[in-house]
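What follows is each chain in one-letter form.
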Amino acid sequence: MAYTVLGAFLRARRARLTPADVGLEAGGRRRAPGLRREEVAARAGISPDYYTRLEQGRPRVPTPAVLDALAHALLLGDAERAYLHTIAVPRRPRPAGAPGPVTPASRAMLDALTGTPAFVTGPRFDLLAWNRLGGALMAGLAERPPHQRNLLWQVFCCPHGAAAPANREPGGSIGAQLVAALRTEYAGRPADPGLARLVARLSAESPEFAALWDMHRAGVPGEGELRVAHPHLAADTLPYTLLTLPTPGHRLFVCLPPPGAPAPFDALAASAA
């Protein structure tokens, strides 16, 4: 499986580059977008045949030096370089299973964030815990089926989320960030049935998720903007940040007050009273 993922990743990253991106002339009409295989091979200092074997999924285990050369040739960032090393070299997968429990310290931090919606998410972006305003922002979380208590489901499949297509744009949207982070998680857990079920469900329910998943982007989520239509919010665009917590795979997702918006969460707080 690792080689299939490796080939798909290399093809996807090659297709996103133009000759101008790497200082090459276009060289006439091209049958497909992106760089040619031989151009990537030349930039990486390897033979075109060797590179073709990697893309085609034939059993080759590239050395770390070759992987670094490919990362340079494909203009990969740090997160994608690390992802390339993960999927290219066979290794023992990390164990599957339920995420660790939310620690008392994390719950106390949620409770201390009284003025803004906040959530603790697990490795698959399941919503594991939330504060009072978080529960008001995504009403009825505790009563929902488990698959709906998930940040990815909220962005891609929730009827309210479907009303905000900007959350799922291929650039730096929250949806694109989450899918790239899920790709990174998936690389270390290829045999995790829970992850496989999540990807299958989201792909079946959301063409936008399926398209972003097929782009094979990898990354670490950070900051951005969440578009949300809510009757008790004074603004429809909320800045957010995602912070890594000490428990492996856990993150703190915090919505922030929009700049210049007076008391943006007062009505939401009143609805949760």
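Preceding this paragraph is the structure being described.
Residues numbered from 1 in each chain as written. Predicted model: local features only at pLDDT ≥ 70, side-chain atom pairs only at ≥ 80, totals over all residues. Heavy atoms only, no water.

1. Comments concerning the packing of aromatic side chains
Counted under the stated rule, the structure contains six aromatic pairs. Relative to Tyr-83, the ring of Phe-9 has its centre 5.1 Å away and its plane inclined at 65 degrees; by these criteria the two rings are edge-to-face. Residue Phe-9 is located in helix α1 (residues 2-16), and its partner Tyr-83 is located in helix α5 (residues 78-88); the two are separated by 74 residues in the primary sequence. Judged by relative accessible area, Tyr-83 falls into the buried class, the value being 3%. Ring geometry for Phe-119 versus Phe-253: centroids 6.2 Å apart, planes at 50 degrees, classification tilted. Separated by 134 residues along the polypeptide, Phe-119 in strand β1 (residues 118-121) and Phe-253 in strand β5 (residues 251-255) bring together distant segments of the chain. Note on Phe-253: relative accessible area 1%, which makes it buried. (Phe/Tyr/Trp six-rings, centres within 6.5 Å; stacked < 30°, edge-to-face > 60°. Helix = DSSP H or I, 4+ residues; strand = E, 2+ residues; numbered from the N terminus. Buried < 20%, exposed > 50% of the residue type's maximum accessible area, 1.4 Å probe, protein only.)

2. Structural notes on the nonpolar core
One broad rule of soluble globular proteins: the nonpolar side chains tend to lie buried together. Among the nonpolar cores identified, the biggest contains 39 residues, and Leu-137, Leu-152, Phe-156, Leu-178, Leu-182, Phe-209 and Phe-253 are the most heavily contacted of them. Listing elements by their share of this core, those giving two or more residues are α7 (132-137), α8 (151-156), α9 (174-188), α10 (193-205), α11 (207-214), β4 (237-244) and β5. At seven residues, α9 tops the list of elements feeding residues into this core. (Core = buried A, V, L, I, M, F, W, Y, C linked by side-chain atoms within 4.5 Å.)

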